[in-house]
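# Coordinate analysis (summary)
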Amino acid sequence: MSTRTYNDRLSGLKFEKRWKKRRLKTDLVMCYKLLHGQVESNFSNFFQLVNYTNTRGHSLIIKIAKQFSCVNAHKYSFPNRFVDAWNCLPADVVNAQTESKFKLMLNDVVLERFCVI
């Protein structure tokens, strides 16, 4: 009989990293829907767009600003937890014509570096 705990078995399966990646992909898809008006909600209720002049990420000048927070509950909430990943997506992914095409192209993007909390 195995004496490994449930948490040991989960870490052996690398479940936590897969779960974080799945949540990140779901957040990115929701952001895409908000940006393209596929969800009945005002984009500005969740995000603030800013002009970045750096060269990292997609070539679009307007990107999503990360909101400053001292409280972890806000820091890891929906509007903040995926902003870095969104701003680093390639331009062709961000500019995908349809949601299904966005999802397909998102599968080819390496998101593991953003799955650390």
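Note that the structure is a prediction, hence the values are computed from the model and not measured. For every chain, the first residue of the written sequence is number 1, and numbering continues from 1 along that sequence. Owing to the predicted nature of the model, reporting of local features is limited to residues with pLDDT of at least 70; listing and counting of side-chain atom pairs is limited to 80 or more, with chain, interface and lining totals taken over all residues. Note that the side-chain values use all heavy atoms of the structure and ignore hydrogens as well as water.

### Section: the overall build of the protein chain
To keep things clear, this is the line we draw: Secondary structure elements follow DSSP: runs of H or I no shorter than four residues count as helices, runs of E no shorter than two count as strands, and numbering proceeds from the N terminus. Working definition of accessibility: Shrake-Rupley area with a 1.4 Å probe, residue cover restricted to the visible protein chains.
Looking only at helices and strands, one finds seven helices and two strands in the protein chain. Each helix (α) and strand (β) of the protein chain, taken in turn from the N terminus, gives the series α-α-β-β-α-α-α-α-α. For the protein chain, the exposed area adds up to about 8,200 Å²; of that, 54% sits on carbon and sulfur atoms.

### Quick notes on the packing of aromatic side chains
The relative placement of two aromatic rings is captured by the distance of their centres and the angle of their planes. The condition that has to hold: Any Phe, Tyr or Trp ring, taking Trp's six-membered ring, that has another such ring centre within 6.5 Å forms a pair; planes under 30 degrees apart are called stacked, those over 60 apart edge-to-face, and the others tilted. We call a residue buried when its accessible area falls under 20% of the maximum for its residue type, exposed when it is over 50%, and partly exposed in between, using a 1.4 Å probe and counting protein chains only.
Tallying each qualifying case throughout the model produces two aromatic pairs. Note on Tyr-32 and Phe-102: the rings are 4.6 Å apart at their centroids and 15 degrees apart in plane angle, and the pair reads as stacked. Separated by 70 residues along the polypeptide, Tyr-32 in helix 2 (residues 15-35) and Phe-102 in helix 7 (residues 99-106) bring together distant segments of the chain. What makes Tyr-32 buried here is its relative accessible area of 0%. Three or more aromatic residues link up through ring pairs in this structure, and these residues are Tyr-32, Trp-86 and Phe-102.

### Examining the pattern of salt bridges
Two side chains bearing opposite charge may form a pair once their charged atoms approach each other closely. Applicable threshold: The rule for a salt bridge is simple: a side-chain nitrogen of Lys or Arg has to be within 4 Å of a carboxyl oxygen of Asp or Glu.
With the rule as written, the count across this model stands at four salt bridges. Glu-112 is the partner of Lys-21 in a salt bridge, and the nearest nitrogen-oxygen pair spans 2.9 Å. Residue Lys-21 is found in helix 2, and its partner Glu-112 is found in the segment after helix 7; the two are separated by 91 residues along the sequence. Judged by its relative accessible area of 30%, Glu-112 falls in the partly exposed class.

### Side note on the nonpolar core
Definition in use: Note on terminology: a nonpolar core comprises buried Ala, Val, Leu, Ile, Met, Phe, Trp, Tyr and Cys residues joined through side-chain atoms within 4.5 Å.
In this structure, Leu-28, Phe-82, Trp-86, Leu-89, Phe-102 and Leu-106 are the most contacted members of the largest nonpolar core, which totals 23 residues. Breaking this core down by element, the ones donating at least two residues are helix 2, helix 5 (83-88), helix 6 (91-94) and helix 7. The dominant element in this core, judged by the number of residues it contributes, is helix 2, at six residues.

### As for helix 7
An α-helix turns once every 3.6 residues. As a result, residues three or four positions apart point the same way. How we decide: The reported arc concerns the directions from the helix axis to the C-beta atoms and nothing else.
All buried positions along helix 7 are accounted for by Glu-99, Phe-102, Met-105 and Leu-106. Along the axis of helix 7, the buried positions cluster into a sector of 125 degrees, meaning they face one direction only. Turned more than 90 degrees from where helix 7 packs its buried face, Ser-100 and Leu-104 sit exposed.

### Description of the environment of Asp-84
Of note, Asp-84 is situated in helix 5. A residue is classified by how much of its surface remains accessible, and Asp-84, at 38% relative accessible area, is partly exposed. A sequence separation of 19 residues divides Asp-84 from Ala-65, and the C-alpha atoms of the two residues are 8.9 Å apart.

### Things to note about the side chain of Glu-99
Put simply, the test is: Two residues qualify as a contact provided that any one of their heavy atoms is within 4.5 Å of a heavy atom in the partner residue.
Structurally, Glu-99 can be placed in helix 7. On the basis of relative accessible area, Glu-99 is assigned to the buried category, the value being 19%. When neighbours within four sequence positions are excluded, Glu-99 is seen to be in contact with Val-29, Tyr-32, Lys-33 and Gln-38.

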